[in-house]
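Structural features, examined
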Amino acid sequence: MKKTITLLVAGLFAVTSFTTLSAQDCSTKLSLFAENAKAKNYDEAEKQLNELRKDCPTISSALYAYGERIYKAKLDDAADKKAVAQELIKLYQERIENVPGKTKKGDVLGDIGSLMVDYEIGDVRSQYDAFDKAFKEDLENFKNPKSLYQYFELYYKMYQTGDSGVLLEDLIQKFEELTEKFEAESERLAKIKNKLIAKTDAGQNLTSKEKRQEKAADINIKAIAIFSGNMEALVEKVSTCETLIPLFRKNFDENRNNSLWLKRAAGRLDAKGCDEDPLFVELVEAVDALEPSANSKRYLAGIYERKGNLVKAEEYLNQSLDMEKDPIRKATLLYKIASKAKKRGQKSKARKYYLDAVKNNPSLGGAYLKIAQLYASSVNECGNDEFTKRAGYWKAAEMARKAGQVDPSLKSIADRTVSSYMQSAPSKSDVFSKGYKGGENIPLNCWIGGSVRVPSL
């Protein structure tokens, strides 16, 4: 009996030693693999990668991070890119399975979906399902702007074919869900940007990490603008007042107590300029009764303004602004109010709200671009002769320049706008012939007010 126990203990010790040794071997192999991957010795690193995936699949998330780097490098030079993309997809799937605690599932599933679309792997339904899994299982980390757009684009294709069971109301709902996701990401990035702007405004230098954060935020803000715009363009033809109003009217009664549906329907009609239809008023009154919000009060302000009840309209507008406490969302609200005023030709009012929007969200460069447009459209109102009228373009260029300064993602369009306005402004010879040397102030005798400085020659 004693001999049996001794042999059993010895056997357990042997198993423990083997397991420990195996873990040590895995760590050693991983270290060697990582060095080769860092040094871009990808041929050798890929051999080690395959061994590690077989023998030590749960060793570390670094195994999959460096593996991703290898396959992305292969994709650049591969003759058969589809085959390499399929290998990368398999690596991603193994990562989700083997190191779930160190994996942002929504992000990785989104990458899988994008690879399937980009390299034509699978059919539309299987491609869509990869994104849909990310959306349903890890929405927080499913945030790549390109992936979000591709997700909707596939759903739109399924709607167009007419044989996938996707109805117009399904398409509109998916559009609203993804619009909300894009907006949430925009808010998150704006908060990052504003924190960094505040630091630089205070005269503090950004750390290297903060500079990387700023660059990433700028890239993603620009990407969101592009891909959310592309998504809007896709749904434009089927999302009109003529299609939306009967659709929402049909579903109104069964959703009368569904505040989310009511908010989305009212928001869509507002965004599409269908806010003068009686259905919009019914939707707004219903949602305001169920779940009053800053937006519902803004809608009511617009309704009463159209009725000519300016006192009531102002009352609701003030309620709207008081209810919204988050500065980024308040800036968005102010921007929408300003844009409505701009559309109605209320230029001074529009400028006020655009400037208030920037106070709440300093990185909202789009507001400065809108003010620049207002100024450029008013040059003929703001001077006594051709020279003083065209001088207004300097003021417009000044606003456009600010847009690129606070939001580098807008720098390209801001620079083009500045260039266009400067070409319309008085030339150097015009300035010289007027006897100016640069630095003088020319009053803007119109709604813009103040003055504009003559540029130095």
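Model, not experiment: these values are computed from the prediction.

What counts and what doesn't
Residues numbered from 1 in each chain as written. Predicted model: local features only at pLDDT ≥ 70, side-chain atom pairs only at ≥ 80, totals over all residues. Heavy atoms only, no water. Disulfide = S-S within 2.5 Å. Helix = DSSP H or I, 4+ residues; strand = E, 2+ residues; numbered from the N terminus. Buried < 20%, exposed > 50% of the residue type's maximum accessible area, 1.4 Å probe, protein only. UniProt positions renumbered as here; feature names shortened; annotations may be inferred. Core = buried A, V, L, I, M, F, W, Y, C linked by side-chain atoms within 4.5 Å. Contact = heavy atoms within 4.5 Å. Axes fitted to C-alpha atoms, helices over the stretch in contact; angles between N-to-C directions. Parallel < 35°, antiparallel > 145°, perpendicular 65-115°, else oblique. Left-handed = near helix turned anticlockwise from the far one by under 90°. Nonpolar A, V, L, I, M, F, W, Y, C, P; charged D, E, K, R; others polar.

**A few points about the state of the cysteines**
Tallied over the full model, the rule gives three disulfides. Here cysteine 241 engages in a disulfide with cysteine 274; their sulfurs sit 2.1 Å apart. Since a negative S-S torsion denotes a left-handed disulfide, the cysteine 241-cysteine 274 link at about -95° is left-handed. On the criterion of sequence distance, the pair formed by cysteine 241 in helix H10 (residues 241-252) and cysteine 274 in the loop between helix H11 (259-271) and helix H12 (278-290) is long-range, its members being 33 residues apart. Pair check on accessibility: cysteine 241 and cysteine 274 agree, each one buried. Note that cysteine 382 is cross-linked by a disulfide to cysteine 446, the S-S spacing being 1.9 Å. Linking cysteine 382 and cysteine 446, the disulfide has an S-S dihedral of approximately 85° and is accordingly described as right-handed. One end of the pair, cysteine 382, is in the loop between helix H17 (365-376) and helix H18 (386-390); the other, cysteine 446, is in the loop between strand E1 (441-443) and strand E2 (451-453), and 64 residues separate them in sequence. You can call cysteine 382 buried: its relative accessible area is 1%. Here the cysteine-cysteine linkages of the protein chain are recorded as 1-2, 3-4, 5-6, numbering only bonded cysteines and doing so in sequence order.

**Examining the UniProt feature "coiled-coil region" (unreviewed entry) in the protein chain**
In the numbering used here, UniProt assigns the "coiled-coil region" (unreviewed entry) feature to residues 35-95 and 168-195. Helix makes up 82% of residues 35-95 and strand 0%, and the two end C-alpha atoms of the span are 20 Å apart. For residues 168-195, the helix share is 100%, the strand share is 0%, and the end-to-end C-alpha distance is 41 Å.

**As for the nonpolar core**
Formed by 128 residues in total, the largest nonpolar core has its most connected members in Phe33, Ile112, Phe152, Phe248, Leu269, Leu283 and Trp394. Contact partners of isoleucine 112, with chain neighbours within four places excluded, come to Ile89, Tyr92, Gln93, Ile96 and Ala130.

**Here's the deal with unusual backbone geometry**
Working note: non-glycine residues mostly have negative phi, and peptide bonds are mostly trans. Located in the positive-phi region is lysine 40, a residue other than glycine, with phi close to 65°. Tracing the chain through its elements places lysine 40 in the loop between helix H1 (2-38) and helix H2 (42-55). Residue glutamate 120 is not a glycine yet carries a positive backbone phi of 55°. Note that glutamate 120 resides in the loop between helix H5 (105-118) and helix H6 (124-137).

**Here's the deal with the packing of helix H15 (residues 327-343) against helix H16 (residues 347-360)**
The N-to-C vectors of H15 and H16 enclose an angle of 165°; their axes lie 8 Å apart at closest approach. Of the possible angle classes, the one that applies to H15 and H16 is roughly antiparallel. The hand of the H15/H16 crossing is left-handed. Between H15, through Pro327, Ile328, Lys330, Ala331, Leu334, Tyr335, Ile337, Ala338, Ser339, Ala341 and Lys342, and H16, the contact on the second element is made entirely by Lys349, Ala350, Tyr353, Tyr354, Asp356, Ala357 and Asn360. Class assignment of the residues belonging to the contact of H15 with H16 gives a composition of 12 nonpolar, two polar and four charged.

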